[in-house]
Protein chains: 2
Amino acid sequence: MLHMSKYFLHGSLVAKPNSQKELTQIMIQASKLMKTANGCELYIVSTDPADTQTVWITEIWTTKQDHENSLSATGVRELISKAIPLLDQPPTKGQELTVISN
Amino acid sequence: MLHMSKYFLHGSLVAKPNSQKELTQIMIQASKLMKTANGCELYIVSTDPADTQTVWITEIWTTKQDHENSLSATGVRELISKAIPLLDQPPTKGQELTVISN
């Protein structure tokens with residue numbers, strides 16, 4: 001079997017002013033759910049102390065397809081629908097990398 | 001005891017043309033060493049398939065001080081001295097974040 005490179009995604013969501021904390025709470029719930037998803041090897045929620053609106057999400061998935069599949073799980077879709085109204089701008093794609101070593 | 005926020009660092013090194021692979025090998029060695037260092041909770045080496053020069057390093061440390069201490073360990077300094085001549089530009093600071101959930 002060929003070696004499959006793990007999929008690494010580092011991206012951010014920008015909350016409306018005063019909504020960062022609420023968005024962070026939703027993303028913590030998402031991380032708990034994602035960690036049970038097939039192929040999820042890492043799911044980090046972080047913030048920049050100097051930025052009061054952005055929430056950073058850093059993920060490793062066994063394959064990119066595993067990541068895509070996770071987005072359509074029922075609980076995840078509910079959390080996405082809670083997060084969308086808190087956003088100040090549409091989500092961007094994020095930085096897509098290939099894990100060499102972890 | 002107060003909760004200490006974990007230190008998250010996401011940054012890159014840019015290798016000279018044709019040196020990305022060699023730099024990656026050095027960073028894999030560094031990751032093995034770093035994972036034994038006090039406070040190192042994550043050390044990922046990754047690349048962007050569309051970029052033939054950059055190597056990305058993503059780290060979580062229990063404290064920022066743990067990260068700083070790690071850089072002066074003997075083996076790490078040796079690896080840094082091997083990596084420096086391969087770089088196309090001086091290392092930049094990278095993105096410093098605070099882990100909320102991992």
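Our structure's up above, just so we're on the same page.
Quick summary incoming for the structure in this document. Position numbers for residues start from 1 in each chain and track the written sequence from start to end. The lettering of chains begins at A and the numbering of ligands begins at 1, in the order of writing. Reporting of local features is limited, given that this is a predicted model, to residues whose pLDDT is at least 70; pairs of side-chain atoms are given and counted only at 80 or more, and all residues count toward the totals for whole chains, interfaces and linings. The basis for the side-chain values is all heavy atoms of the structure; hydrogens and waters are excluded.

1. A closer look at the pattern of salt bridges
- Every case where a carboxyl oxygen of Asp or Glu lies within 4 Å of a side-chain nitrogen of Lys or Arg is listed as a salt bridge. If you walk through the whole model with that rule in mind, you get six salt bridges over all chains.
- Salt-bridge contacts for E96 of chain B lead to K93 of chain B; the nearest nitrogen and oxygen are separated by 3.3 Å.
- Residue classification places K93 of chain B among the exposed positions, given a relative accessible area of 62%.
- What emerges from the salt-bridge pattern is a single network uniting K64, K93 and E96 of chain A. Residue burial is assigned from relative accessible area. The probe radius is 1.4 Å, only protein chains are included, and a residue is buried under 20% of its type maximum, exposed over 50%, and partly exposed in between.

2. Observations concerning the environment of L79 of chain A
Residues and elements named next belong to chain A.
- Labels follow the DSSP assignment, with helices taken as runs of H or I lasting at least four residues and strands as runs of E lasting at least two, numbered in each case from the N terminus. Inspection of the secondary structure puts L79 in helix α3 (residues 74-83).
- You can call L79 buried: its relative accessible area is 10%.
- The spacing of L79 and M27 is 52 residues in sequence and 8.0 Å in space, taken between C-alpha atoms.
- Residues count as neighbours in contact if any of their non-hydrogen atoms are within 4.5 Å of one another. In this structure L79 touches I26, Q29, A30 and L33, once residues within four positions along its chain are discounted.

3. Quick word on the sheet that holds strand β3 (residues 54-61) of chain B
- Taken in spatial order, the eight strands of this closed barrel run β1(A)-β3(A)-β2(A)-β4(B)-β1(B)-β3(B)-β2(B)-β4(A), and their pairing is antiparallel. The sheet shows a mean angle of 35° between the axes of neighbouring strands, direction not considered.
- Strand direction decides the pairing type here: strand β1 (residues 7-14) of chain A and strand β3 (residues 54-61) of chain A, joined by eight bridges, are antiparallel. Its bridge partner being in β3 of chain A, H10 of chain A is matched across the sheet by T58 of chain A.
- Seen against the sheet, helix α1 (residues 20-34) of chain A touches β1, β2 (40-47) and β3 of chain A together with β4 (95-101) of chain B and runs at an angle of roughly 170° to β2 of chain A.
- The axes used here are C-alpha line fits, helices contributing only the stretch in contact, and every angle between their N-to-C directions lies in the interval 0 to 180 degrees. Lying over the sheet, helix α1 (residues 20-34) of chain B contacts β4 (95-101) of chain A together with β1 (7-14), β2 (40-47) and β3 of chain B, oriented at roughly 170° with respect to β2 of chain B. In short, DSSP must find at least two bridges between two strands for them to pair.

4. What to know about the relation of the copies chain A and chain B
- Overlaid copies result from least-squares superposition on C-alpha atoms, with residues included only where pLDDT is at least 70 in both. Between chain A and chain B, which share one sequence, the superposing operator has a rotation angle of 180° and an axial displacement of 0.0 Å; the RMSD is 0.0 Å. Accordingly, the operation relating the two chain copies is best matched by a two-fold axis.
- Mapped onto chain B, 100% of the interface residues of chain A are again interface residues, and the two copies thus contact each other with one and the same surface.

5. Considerations on the packing of α1 of chain B against helix α3 (residues 74-83) of chain B
Residues and elements named next belong to chain B.
- Taken N-terminus to C-terminus, the directions of α1 and α3 make an angle of 170°; their axes are 10 Å apart at the nearest point. Compared by their axis directions, α1 and α3 come out roughly antiparallel. Between α1 and α3, the residues in contact are L23, I26, Q29, A30, L33 and M34 and G75, V76, L79, K82 and A83, respectively.
- In the contact of α1 with α3, the residues fall into eight nonpolar, two polar and one charged. If an angle is under 35 degrees, it is roughly parallel; if it is over 145, roughly antiparallel; if it lies from 65 to 115, roughly perpendicular; otherwise it is oblique. For this classification, the nonpolar set comprises Ala, Val, Leu, Ile, Met, Phe, Trp, Tyr, Cys and Pro, the charged set comprises Asp, Glu, Lys and Arg, and every other residue, Gly included, is treated as polar.

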